[in-house]
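These are the residues of each chain, in order.
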Amino acid sequence: MRIGVVRFPGSCDEVDALDACAMVADAELLWHGRTDLDGVDAVVVPGGFSYGDYLRPGAIARFSPVMKAVADFAAEGGPVLGICNGFQVLCEAGLLPGALLTNSGLRFLCKQVDIIVERPGTPWTADCEAGERLSIPVKHMSGRWHADEATVAELEAEGRIVFRYAPGDNPNGSTSDVAGVCSAAGNVVGLMPHPEHAVDALTGSADGLKLFSSILNGGDRVGTAG
Amino acid sequence: MSEQQAESLPGVDRAVELGLTKPEYARIVELIAREPNEVELAMFSLLWSEHCAYKHSKKVLRRLPTEGDRLLMGVGENAGAVEVAGLAVAFKVESHNHPSAVEPFQGAATGVGGILRDVIALGARPIAMLNSLRFGHPSSPRSRWLLDRAVAGIGHYGNSIGVATVGGEIHFDPSYESNCLINAMCVGIADPDRLMRCAATGVGNRVILFGALTGRDGIGGASVLASAELGDDDADKRPTVQIGDPFAEKKVLEASLELIDADLLVALQDLGAAGLTSSASEMAAQGGVGLDIDVANVPLREQGMEPFEIMVSESQERMLAIVEPSKVAAVLEVCERWELLASDIGEVTEGDRMRILVGDNVVGDIPVTTLVDDCPLYDLAPAPPEHGLYPAPPADLPEEADHRDTLIALLSGANIASRRPVFQQYDQIVQARTVRRPDEADAAVLALPVGENGIRPAIAVSIDGNARRVAANPEGGALEAVLECAANLACVGAEPLGLTNCLNFGNPEKPHVAWQLINSVEGIAVGCEALGIPVVGGNVSLYNEGPDGPILPTPVIGMVGEMPDATKTSSSGFLTDGQAVALVGPFSPNLVSSELAARRGQAPQGELPSLDISAVIAAHHAVRDGVRSGAIQTAHDISEGGLGVALAECTAVAGIGCDVTLPEFTDAALFGESPGQGFVIAGDAAAIAAIPGARVVGTTGGGNLVVSAEDGASFSVPVAEVQAARDGGLTAYLP
């Protein structure tokens, strides 16, 4: 198993994501300018401020050459995880539903929160149980996930809300406390909290490691690649 | 040449406009045996400014110890560095006060950017930022605006570039009303064998400028803004404040480290105050060479910039490198991959001339030493003030308030309340090494890579200042600031290795400010000698005055300490019920210049008690060793608000109360201050009893903070009320 971590100019958490991936598998950085994914088995789109995020988070990064390759990979059922800015990029790219708006508090917010696993069994939550509580930090300015009512209802019905903030722990005003969602096929997952910053109790929590170890178990991927 | 003769020089008025004095201009004319042209005058005005030449502080700073066993790089380089676990830990604190007073968001943001580049220039990867902020009383709308925007600016830059902001301090005092202080400290790590120096060497080597475009922003920042008092026309100075672009800096960071890793650079220097003028001259002076700089090759953001504008532009996110000719192509290639502009703008030359060219035209030609070393250094004329310099602040806490009400009032005051509303705006965890975040312990703890013994070592970092005590007694107060910083490190089990300082003072040409400066430096020197650590570098910010007079004398101390094992550290709060609570240290609290005195409307003046430094250091050792051995699980230094506040803070962290009995129950015993000299510790009873000098005063547990006197008097506060008081204090002032 080899996991690729995309590196845009302005990525900040790519090395931490790489190190987290390396705890469970082989891992390598994928430069934003490349048009292929070097044959990796899974892709992480990491946090940061890709291209400075001066227009709108993720709005420029979605047009980078590597994102075309990521979209093709995702369409074939390849597992993709977007974290924070990576989640924003995947939403901008249309690979995940909804959009990430400025926090309801209008400020950057860094804090440890509890999230609840709503959908175990994706490639990134295979090691989790339904209702499991994970302590994982958030750190973002634009993390308020939003979608229209019909989309939210559809996602609820299809079981595509993967993570929710624990009651009282919604840090940014996200609709329905949504912390993370997945694609219709379940192989593309995005979340605002940073699992790569919760892989070692020494630095606060090791709960996030489950997302990375899940990839070894594959999950219940559905869709074109089965 | 006399001042009268200088008067008759045609260029003298322009020189004075640019911030030089008439005698300084006369000296320049004598040294170069002619009047400088426009380009040369612009360069002199900056390099001979207070900000660049330290002309009022250099002689004073010679008192500071600058040598140490673990020192890898010291004063004179872009930042200092000490050795920890086989790594170089680089660090430095710098001010960006005047720009922030004029435009707080960009001023604070570019302050962060500037100190980051100092550390990057050493070849170190920045791993942590800290900051020390001072504002006027938070009841003033202007102070709240400055706080809000400065914090947002610091977060904007640090968060966007992927460097954790792990600590800091904020203090409010009316003396900072029109002159806030924004001091930023950066810590980085590097392979000691790859530390870069800034000396340009090798005649024939090329001068490569890379990073952002050069524009008209920040022209005259160092001379006009940083080296004069603020006044009514500050809004007009906004164009002298630079605009930060953290995305560009992130690329500069990654490209710089890649260039150094690939061994492509001879020397590296950031462009900060005074832009290309300062960077190029410093590199030439350090290397004992000359430089030719062709400004026609500098990539510009706007058309029609004059050569002098290009030379003094303070456009951000730029670096200057010296490169062997055979490696220029490789350097340009790395920069291109990071989508950075890079241009060959000059050459290292034999001799001592700084020549500015436009193509083949020489537009400036002056000796490097004249620019860098020949600025006159002034002697200060210190005189202690005959009466207190600072007015009494408005009282808002009556003397007759009882202990309980006094404690709640202190906890909810802006100077003591929880800093969480500010810290939460900073990424504290990026790069995955933050073992102790702000609010969790007295110092931030950052894990380093696993060592050969399989153990992860760590560093602890802290920043501190206590200006009100310095105002009462500059030497004693500055010494206390050093000790308090070291006490913070002791609390997490770290041993201090080096210190960086930012000396924020008023106008040094005024005798009482000179007196504050000289004596504060003495206090820092005494502290360094007692701890056995050097000053590795720092910054001086003078002329911090507004219409109402000087700021409080504010030496800010940043310190880095070593921890053999990242897992052997402490919390600043009580963690479990039933542990012994003890006091350690020759703590001799008094109310002079304390937070309680300020709240009672007393001016910062009076006698500080003398302190027994060796007993203080012994207490630091006892706490540090106890934390490292695991005997101490909670360690918190007793600082602002005294013992009462320290105990309350210990209960607030995890919501665990305590019941303690104290020998004295006076205001001074409960709320008096004696920074850096006393600790509250907790742990298992037997282990705590074995800590040298520990005096057990009670136990942890329960839902209340209960403080009793031996004669039976007592007060009790529910921990939830302590938490509510602390949590609301600062939030109330953030819009």
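A. Geometry of the packing of helix α23 (residues 642–654) of chain B against helix α26 (residues 719–731) of chain B. Residue and element names in this part refer to chain B. At a minimum axis separation of 9 Å, α23 and α26 run at an interaxial angle of 100°. Here α23 is positioned roughly perpendicular relative to α26, judged by the angle of their axes. For the pair α23 and α26, the contacting residues are A648, E649, T651 and A652 in the first and V719, V722, Q723 and R726 in the second.

B. Structural view of the pairing of strand β15 (residues 444–447) of chain B. All names here are of chain B. Burial along β15 is two-sided: the residues A444 and L446 and V445 and A447 are all buried. Direction of pairing for strand β14 (residues 434–436) relative to β15: antiparallel, over a ladder of two bridges. Pairing of R436 across the sheet is with V445, part of β15. Relative to strand β16 (residues 458–464), β15 is paired through four bridges, and the arrangement is antiparallel. Its bridge partner lying in β16, V445 is registered against A460.

C. Structural context of the interface of chain A and chain B. With 26 residues of chain A at the interface, the matching set in chain B holds 34 residues. Surface buried jointly by chain A and chain B totals about 2400 Å² across both partners, of which 59% is contributed by carbon and sulfur atoms. B:D148 is paired through a salt bridge with A:R107; the nearest N and O atoms lie 2.5 Å apart. Here chain A and chain B share 10 residue pairs in polar contact (both at pLDDT 80 or more) between them. At the level of elements, β6 (109–117) and β7 (133–140) of chain A are the ones that each hand at least two residues to the side of chain A that touches chain B. Grouping the amino acids of the side of chain A that touches chain B by side-chain chemistry returns 11 nonpolar, eight polar and seven charged.

D. Layout of the pairing of strand β12 (residues 353–358) of chain B. Residue and element names in this part refer to chain B. Examined bridge by bridge, strand β9 (residues 290–294) and β12 share four bridges and lie parallel to one another. Residue pairing across strands places I293 opposite I356, the latter belonging to β12. Sheet topology places β12 next to strand β13 (residues 361–367); six bridges connect them, and they run antiparallel. Among the inter-strand pairings, I356 is bridged to a residue of β13, identified as G364. A loop of two residues connects β12 with β13, the two strands running antiparallel in sequence, and G359 in this loop sits at a positive phi of about 65°.

E. View of unusual backbone geometry. Positioned with a positive phi, A:L106 is a non-glycine residue whose angle comes to about 65°. A relative accessible area of 60% places A:L106 in the exposed class. Phi at B:E317 takes a positive value of approximately 60°, unusual for a residue other than glycine. Considering the arrangement of structural elements, one finds B:E317 in the loop between α13 (307–312) and β10 (318–323). Given a relative accessible area of 2%, B:E317 falls into the buried group.

F. Molecular detail of the sheet that holds strand β2 (residues 80–84) of chain B. All names here are of chain B. Within the open sheet, the six strands sit side by side as β1-β2-β3-β6-β4-β5. Their pairing is mixed. A strand with exactly one partner marks an edge of an open sheet, and here the two such strands are β1 (71–73) and β5 (164–172). On average, each strand axis in the sheet is tilted by 25° relative to the strand beside it, whichever way the strands run. Sheet analysis places strand β4 (residues 125–135) next to β5, joined by eight bridges and oriented parallel. Considered in β5, the bridge of S132 is made with E169. Packing against the sheet, helix α8 (residues 104–121) makes contact with β3 (87–95), β4 and β6 (181–190), and its axis sits at approximately 30° to β6. Sheet contacts for helix α9 (residues 141–161): β4, β5 and β6; angle to β4, the most-contacted strand, approximately 180°.

G. Focus on the UniProt feature "domain: Phosphoribosylformylglycinamidine synthase linker" (unreviewed entry) in chain B. Here the UniProt-annotated "domain: Phosphoribosylformylglycinamidine synthase linker" (unreviewed entry) positions come out as residues 15–55 of chain B. Annotated as 68% helix and 0% strand, the span residues 15–55 of chain B places its first and last C-alpha atoms 17 Å apart.

H. Quick look at the packing of α8(B) against helix α11 (residues 246–261) of chain B. Residues and elements named next belong to chain B. Packing of α8 against α11 leaves a shortest axis separation of 10 Å and a crossing angle of 5°. By the angle between their directions, the pair α8 and α11 is classed as roughly parallel. Where α8 abuts α11, its residues G113, L116, R117 and I120 lie against E249, L253, S256 and I260. When the residues that make up the contact of α8 with α11 are grouped by side-chain class, the tally is four nonpolar, two polar and two charged.

What counts, and where the lines are drawn
- Residues numbered from 1 in each chain as written.
- Chains lettered and ligands numbered in written order.
- Predicted model: local features only at pLDDT ≥ 70, side-chain atom pairs only at ≥ 80, totals over all residues.
- Heavy atoms only, no water.
- Axes fitted to C-alpha atoms, helices over the stretch in contact; angles between N-to-C directions.
- Helix = DSSP H or I, 4+ residues; strand = E, 2+ residues; numbered from the N terminus.
- Parallel < 35°, antiparallel > 145°, perpendicular 65-115°, else oblique.
- Contact = heavy atoms within 4.5 Å.
- Buried < 20%, exposed > 50% of the residue type's maximum accessible area, 1.4 Å probe, protein only.
- Pairing = 2+ DSSP bridges.
- Buried area = accessible area lost by both parts, 1.4 Å probe.
- Salt bridge = Lys/Arg side-chain N within 4 Å of Asp/Glu carboxyl O.
- Polar contact = N/O pair within 3.5 Å; in protein donor to acceptor, adjacent residues only side chain to side chain.
- Nonpolar A, V, L, I, M, F, W, Y, C, P; charged D, E, K, R; others polar.
- UniProt positions renumbered as here; feature names shortened; annotations may be inferred.

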